[in-house]
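# Summary of the model geometry
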Amino acid sequence: MPKNLKSSNKFPDGFMFGTSTAAYQIEGAWNEDGKGENIWDKMVHTHPELIKDSANGDVACDSYHKYKEDVALAKALNLKFYRFSISWTRITPTGEAHKINPKGIEYYNRLIDELLANNIEPLVTMYHWDLPQYLQDLGGWVNPIIADYFKEYAKVLFSNFGDRVKWWITINEPMETCKGYSFCNYAPYLNLSNTGYYRAGHTQLLAHSKVYHLYNDMFREKQKGKISISINGMFFIPKNVDSEKDIETAERANQFERGWFSHPIYKGDYPPVMREWVDRKCKSEGRPWSTLPTFSEEEIKLLKGTADFYALNHYSTRFVTNGIDPNPNPNYNPDAEYIISVDKSWPVSIAPWLIVVPEGLHKLLVWIKNEYNNPPIIITENGYADDGRLNDLERIDYIKSHLYATLQAINDDKCNVIGYTCWSLLDNFEWMDGYRYHFGLVNIDFNNPQRPRVPKASYQFFKAIVTTGILNDSVSPTS
Ligand code: PNW
């Protein structure tokens with residue numbers, strides 16, 4: 001934790017503060033008003049045992065019915081924007097754009113209008129992991145045709161909401177989507193190894209580029225919005241900073257983690273180190289082709305330059321050294337050949353993966369600046385997990401130290417960070433972990449059918465920063 005903040009503790013004028021949620025994690029109403037089944041509905045209903053406590057998102061925060069309360073909470077925080085996602089199967093129940101569900105359109109119109117009436121800008125994610133089940137039955141993201149379905153879905157969104165929505169995220173964390181096809185981390189809970197992993201990534205990149213060009217060709221001139229894709233991942237730092245090998249390994253790990261989706265968008269193709277390592281490994285295994293697919297020249301052209309800002313989701317950092325991990329963790333790609341470790345002094349949250357390393361965020365912002373020519377960056381997710389307590393001092397420390405790291409990147413390194421989004425406004429359904437981990441600034445009692453919303457200490461803390469644009473010691477009771 002920064003104990004004595006320096007004088008440069010003010011965020012730049014116009015800096016945007018927001019909070020984030022996602023449809024499946026908060027909405028509930030899984031089968032109401034014509035909504036179709038998605039891959040999460042299917043998995044939680046057919047295989048409840050896969051989820052902690054057999055939990056599901058059937059009701060979740062009931063935001064489908066209580067969205068006005070959510071907007072009021074965002075309003076009282078003085079947020080500039082609210083990031084939420086649209087449930088694909090509310091709009092088109094099968095994922096096919098010729099069959100639109102008018103009640104789905106109406107719901108998001110109500111939500112968007114409520115936000116704007118309260119002076120909060122919507123920042124809308126088109127896809128936060130809830131693929132229509134019909135499209136999964138066609139193969140899901142490993143089938144390239146899904147990119148065209150996604151484009152047609154996006155056309156429905158731009159046509160219906162683009163007059164009022166000026167900030168779009170096509171896909172949330174494409175790398176996590178891929179884990180649903182390779183390591184059984186999420187729905188559709190498949191284990192197609194790295195073939196599924198890279199194929200799902202390839203289709204998502206093409207889907208993103210198609211939507212970006214659709215916007216340019218048909219909507220941008222009139223609607224004047226901005227589009228990006230939220231790219232997540234750990235940041236990797238060399239365990240031994242004096243070791244050339246560790247430095248090289250950390251760079252390779254970062255390219256496999258973040259370059260995988262950023263490099264095609266900023267530079268036109270997969271990172272060269274990823275191409276080289278995956279191809280070599282596949283060859284050594286006697287495979288007839290590489291598991292990492294290839295873009296055509298035309299696709300490379302279409303991919304390059306398809307982000308109006310860099311949308312970064314970030315939570316944690318690891319040390320790396322070169323080598324093959326004897327205890328491989330499915331969250332880390334074995335093709336990249338690195339071994340992770342942690343510093344014992346780093347605090348660990350209730351979620352074992354969420355280890356608190358604010359200097360990692362600072363270093364990561366500088367890495368993005370150097371790698372992609374200083375793009376405007378919006379941190380579209382950052383947040384902390386606990387048991388849902390109201391006096392959430394650890395969350396305050398986490399947000400405070402990560403905002404401080406952001407200020408250091410802005411002030412000391414001239415990184416062009418223009419916004420920060422806290423994950424999440426509300427405690428919600430945390431995917432395979434059910435309701436065991438809580439990320440909200442607002443507590444929800446999931447045993448109470450009314451789903452009462454109670455702001456936590458961190459809510460008041462965040463409100464003070466959002467309102468003043470200043471991070472100082474007085475905003476935190478723990479400093
Ligand atoms: C994000 N990691 O996922 C998602 O976008 C949210 O839906 C989710 O609730 C939130 O973070 C908290 O988990 C992540 O391995 C997936 O570092 C993986 C990682 C971080 C976040």
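Being a predicted model, the structure only gives us computed values, none of them experimental.

### Description of the sheet that holds strand β8 (residues 317-322)
Judged by pairing direction, the sheet is mixed, and its three strands sit side by side in the order β6-β8-β9 without closing on themselves. The sheet is open, and its two edges are formed by β6 (235-238) and β9 (338-341), each paired on a single side. Mean inter-strand twist for the sheet, computed between neighbouring axes without regard to direction, equals 45°. Where β6 meets β8, four bridges bridge the pair, whose relative direction is parallel. Note on β8: the bridge partner recorded for Phe235 is Thr317. Packed onto the sheet, helix α10 (residues 244-267) meets β6, β8 and β9 and runs at close to 170° relative to β6. Most of the contacts of helix α13 (residues 358-371) go to β6, to which it runs at about 95°, and overall it touches β6 and β8.

### Focus: the nonpolar core
Judged by nonpolar contacts, the single largest core of 141 residues is most densely connected at Trp40, Trp141, Phe150, Phe158, Phe161, Trp168 and Phe462. The element that contributes the greatest number of residues to this core is helix α9 (residues 193-223), accounting for eleven residues. Setting aside residues up to four positions removed in sequence, Trp40 forms contacts with Tyr24, Ile51, Trp129, Asp130, Tyr186, Ala187, Phe429, Trp431 and Met432.

### Considerations on the sheet that holds strand β5 (residues 226-231)
With parallel pairing, eight strands are arranged side by side around a closed barrel as β1-β2-β3-β4-β5-β7-β10-β11. Direction aside, neighbouring strands of the sheet carry axes that sit 25° apart on average. For strand β4 (residues 167-172) and β5, the ladder comprises four bridges, and the chain directions are parallel. Note on β5: the bridge partner recorded for Ile169 is Ser228. On top of the sheet, helix α7 (residues 146-161) reaches β3 (121-127), β4 and β5; it is set at about 160° to β3, its chief contact.

### Thoughts on the pairing of strand β11 (residues 417-423)
Of all the seven residues making up β11, six are buried; the element is thus mostly covered by neighbouring parts of the structure. The pairing of strand β1 (residues 16-20) with β11 spans five bridges and is classified as parallel. Paired with Ser20 across the strands is Trp423, a residue of β11. The pairing of strand β10 (residues 377-381) with β11 spans three bridges and is parallel. Residue pairing for β11: Ile379 is matched across the bridge by Tyr420. The parallel pair β10 and β11, bridged by helix α14 (residues 393-411), forms a crossover whose chirality is right-handed.

Here is what the cut-offs are and how they apply
- Residues numbered from 1 in each chain as written.
- Predicted model: local features only at pLDDT ≥ 70, side-chain atom pairs only at ≥ 80, totals over all residues.
- Heavy atoms only, no water.
- Pairing = 2+ DSSP bridges.
- Helix = DSSP H or I, 4+ residues; strand = E, 2+ residues; numbered from the N terminus.
- Axes fitted to C-alpha atoms, helices over the stretch in contact; angles between N-to-C directions.
- Contact = heavy atoms within 4.5 Å.
- Core = buried A, V, L, I, M, F, W, Y, C linked by side-chain atoms within 4.5 Å.
- Buried < 20%, exposed > 50% of the residue type's maximum accessible area, 1.4 Å probe, protein only.
- Right-handed = clockwise from strand over helix to strand, strands pointing away.

Everything listed here is a matter of coordinates, which is why it stays silent on function.
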